[in-house]
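Below, each chain spelled out in residue letters.
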Amino acid sequence: MMKTHYLNLRDGPQKHFLAYSAAALLLMGSLPVSANQLPKADFTVDPTSGPAPLEVTLDASASSDPEGGIQHYEWSAADQTTAGLKASMTFENPGTHEIELVVIDEFGASDTAHQTVLISTNQRPKADFTVTPKSGPAPLEVTLDASASSDPDDDIESYEWSAAEQTTAGQKASMTFTEAGSHKITLVVTDGFGASDTVHQTVTVTKPAPQLEANFTVSPEKGTEPLTVTLDASTSTGKITDYEWSISDGKTKFGQNVTLTFQKAGSYTITLTVTTRDGDTATSKPKSIVVEQKPTEPAPENKPPLAEFEFSVTPEQGNGPFTVSLDGSHSSDQDGTIVNYEWHSEGQTTSGNPATLVFQEAGTYVVTLTVTDNDGATVEMTQDVEINGEPIPWLYNSTARLAPQVIAAGVTPSKVDLTDDNFDIVALVRPGASPIRTVSFQSTQGPLKMGMTPAGVLANGDELYKLTFIYPRGSLKGTFPTAWGSKPGQYNIVVTDESQKQSHTYPYLMIGNFPAIESAATKPATAISLYNSTARSEPQVIMAGYTPAILDIGDDQFDVIAIVRAGVLPIKHVALKQNSEGLFFNKMELVAADVGNGDKMYKFTYTYAPGSLGPFEGKEEINYKDLWGPEALQFSIEVVDEGGQSSHKFPDIEFGNYPELER
């Protein structure tokens, strides 16, 4: 068979010539001729847009030729050309650029395709950052966060930080400053095209806080008995709030500067512990004090001591156990000192002064005190101690109502020493038709509301409750007037019983239609020893109030009661008065010489015409909210002892120099 040749006579970018013999050409002229098929140009561009300078990748793999013979791929755009199945171009100028692809097959046939790319202008990034903390003592480590930095093209590539002599990198970083002063921190952010932005911030570094350290001086460090020394802790460092001195003889002192007197010869060590407001402590090295004995003189013939003692019984009446408090401090030795106190009664023996003996039942007991002086001489004293077991009479108004009542309230001690760190809030409540469920101490305005716990039961069924309030030592000073009332900054007590009935609000005196009922009080009387019974040299008013505190319209009297605590001297009188001179002044009468812990109860019966106190003008009830206080028409209670020394005025609470009185 004869081979057939085809001649491509189409014009194209390239000319292809075939050489045949004349015979062949003649023969070919008589044969059929087939036309070549055109190739198809197609390509992809990646990416199709972006900021200048933008490099794009060109790929003509999608181009085709029915006869499979594409020989050339030619690319052109703007002022640049290239060739190949795959190629790349870079565009420097913003704008729209057209890319042209020409494909040519083996016979010179061609096809053209076009695509465009969009070249944008690069935008500068924006630097921003946070620094935490911005100030503090050295060494100060700060955290740097450049997350707030931004770039419209979203291509920040680097974060460079610098300050003083330190540098670091990264979106988040940290730096530490050891020198006090102001330090400028610089952030430079740079995008993928080299554009950058800079921002600064300043941190303030203060000098480091002094290290907590306990130091002190002693002057003098040596001397003869009795030796008084001065302790000075002013060389201690740190944010100190408390100074506590510990002496090897068991004594403890407080304050930055104190004095001590050593009565006996010997060697003593002193240690200082300092405390910050945050509770951190530091303790000094101990320092020694040497107290030398005075030169001895020939001792005269020893004279025997004198034994003498006083006693008190708690409770003075009622059920046992009974505690007999013994005080031999009136014993004496004219030529020496008493070194030992021995107490004996009914097989019991104890030593020391003061001392206590406990008897389970009422009766008369013989108590013997034997004192020994420093030369070994002894002497005895004997007394009969009579304990009265009769029930304690409760001679104040004990009327109960359907709802519970707060009869009295206060704080104990009501004169608080500056070295104290707590006191008890106390309340005397009376059940109504149902037993007591909760007793709450709360502020007149605000969220404060705290539950109180049982502290004892009186013989008439009234129940005592308490709440111990703890605070930083020395943080409360001066006089806190009128703690109880209805105004902002004052406080109340409210009682709820098992049937959800709520009392009036203490210190209010409430009047309305409230007939008397038989109280639901069922708890047996107990010793009142569960609340703070600290005594001071001056007398104190521990709590006060009204009984009943809820009055019926038909009533014509109620009792004002006060529980008071004696100081160093017996109580002379207790007075209920208005603060304006001459308006109202009445002495209260003693109704309980001992409520169970040594405190005494007084009352004043206030009589009035039925209905004269209200309610008025069709009201169902009325509350007298602010009867207690310092104003001219308000009332207060004051105690005076046998020496003419006065207590604070209830309802005030006083904070000052009130050391505890041993009873």
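The rules behind the values
Residues numbered from 1 in each chain as written. Predicted model: local features only at pLDDT ≥ 70, side-chain atom pairs only at ≥ 80, totals over all residues. Heavy atoms only, no water. Helix = DSSP H or I, 4+ residues; strand = E, 2+ residues; numbered from the N terminus. Contact = heavy atoms within 4.5 Å. Buried < 20%, exposed > 50% of the residue type's maximum accessible area, 1.4 Å probe, protein only. Pairing = 2+ DSSP bridges. Axes fitted to C-alpha atoms, helices over the stretch in contact; angles between N-to-C directions. Core = buried A, V, L, I, M, F, W, Y, C linked by side-chain atoms within 4.5 Å. Domains from an automatic or database assignment. Salt bridge = Lys/Arg side-chain N within 4 Å of Asp/Glu carboxyl O. Phe/Tyr/Trp six-rings, centres within 6.5 Å; stacked < 30°, edge-to-face > 60°.

Peer 1: Got a minute to help me understand the environment of isoleucine 270 in this structure?
Peer 2: Within the secondary structure layout, isoleucine 270 lies in strand 23 (residues 266–276). C-alpha separation for the pair isoleucine 270 and methionine 543, spaced 273 residues apart in sequence, amounts to 41 Å. Isoleucine 270 has contacts with Phe216, Leu231, Trp245, Ser246, Ile247, Leu260, Phe262, Lys285, Pro286, Lys287 and Ile289, leaving out every residue within four places of it along the chain.

Peer 1: Before we go on, may I ask you to explain the pairing of strand 31 (residues 363–373) in this structure?
Peer 2: A regular strand places its side chains so that they alternate between the two faces of the sheet. Of all eleven residues in strand 31, eight are buried; the element is thus mostly enclosed. Here ten bridges tie strand 31 to strand 32 (residues 378–387), and the two strands are oriented antiparallel to one another. Its bridge partner lying in strand 32, threonine 370 is registered against glutamate 380. Counting the residues in the hairpin turn of strand 31 and strand 32 gives four residues, including glycine 376, whose phi is positive at 90°.

Peer 1: What is the right way to look at the sheet that holds strand 37 (residues 449–451) in this model?
Peer 2: Paired through backbone hydrogen bonds, the strands of a sheet run either parallel or antiparallel to each other. A sheet is described by the order of its strands in space; here three strands give the open sequence 37-36-41, paired in antiparallel fashion. Where the open sheet ends on each side, the last strands, each with one partner, are strand 37 and strand 41 (491–497). Each strand of the sheet is rotated relative to its neighbour by a mean of 25°, with strand direction disregarded. Sheet topology places strand 36 (residues 436–443) next to strand 41; seven bridges connect them, and they run antiparallel. Within the sheet, the bridge partner assigned to valine 439 lies in strand 41 and is valine 495.

Peer 1: Even after reading the chapter, I still don't get the nonpolar core, so can you show me in this structure?
Peer 2: As a rule of thumb, soluble globular proteins bury nonpolar side chains together. Core analysis: the biggest nonpolar cluster contains 47 residues, and Met452, Trp484, Ile493, Met588, Trp628 and Ile637 have the highest contact counts within it. Both domains that furnish three or more residues to this core are identified here as domain 5 (397–525) and domain 6 (535–662).

Peer 1: Just to check I follow, could you spell out the pattern of salt bridges for this structure?
Peer 2: A full pass over the atoms with the stated rule returns nine salt bridges. In this structure, lysine 415 engages glutamate 654 in a salt bridge whose closest nitrogen and oxygen atoms are separated by 2.6 Å. Of this pair, lysine 415 sits in strand 34 (residues 415–417) while glutamate 654 sits in strand 51 (residues 653–656), and the two are 239 residues apart along the sequence. Exposure remark for glutamate 654: the relative accessible area of 16% places this residue in the buried category. Across the salt bridge formed by lysine 603 and aspartate 559, the nearest N and O atoms sit 3.9 Å from each other. Here the residue lysine 603 occupies a position in strand 48 (residues 600–607), and aspartate 559 occupies one in strand 45 (residues 557–565), the gap between them amounting to 44 residues. Looking at aspartate 559, the relative accessible area reads 3%, which means it is buried.

Peer 1: Looking at this structure, how should I read the domain arrangement of the protein chain?
Peer 2: Think of interface size as the accessible area that goes away when the parts come together; that is how it is often given. Examined at the domain level, the protein chain breaks down into domain 1 (44–120), domain 2 (130–206), domain 3 (217–292), domain 4 (310–387), domain 5 (397–525) and domain 6 (535–662). Placing the centre of domain 1 and that of domain 3 at their C-alpha centroids yields a distance of 94 Å.

Peer 1: Where do I start with the packing of aromatic side chains in this structure?
Peer 2: The geometry of an aromatic ring pair comes down to the distance between the two centres and the angle between the two planes. What the rule picks out here adds up to 23 aromatic pairs. Between phenylalanine 480 and tyrosine 491, the aromatic rings sit 6.5 Å apart at their centres with planes inclined by 85°, giving edge-to-face as the arrangement. One end of the pair, phenylalanine 480, is in strand 40 (residues 478–480); the other, tyrosine 491, is in strand 41, with eleven residues separating them in the sequence. On the accessibility criterion, tyrosine 491 (23% relative accessible area) is partly exposed. For the ring pair tryptophan 484 and tyrosine 506, a centre distance of 5.4 Å and an interplane angle of 80° mean the geometry is edge-to-face. Within this pair, whereas tryptophan 484 is found in the loop between strand 40 and strand 41, its partner tyrosine 506 is found in the loop between strand 41 and strand 42 (509–512), the two being separated by 22 residues in sequence.

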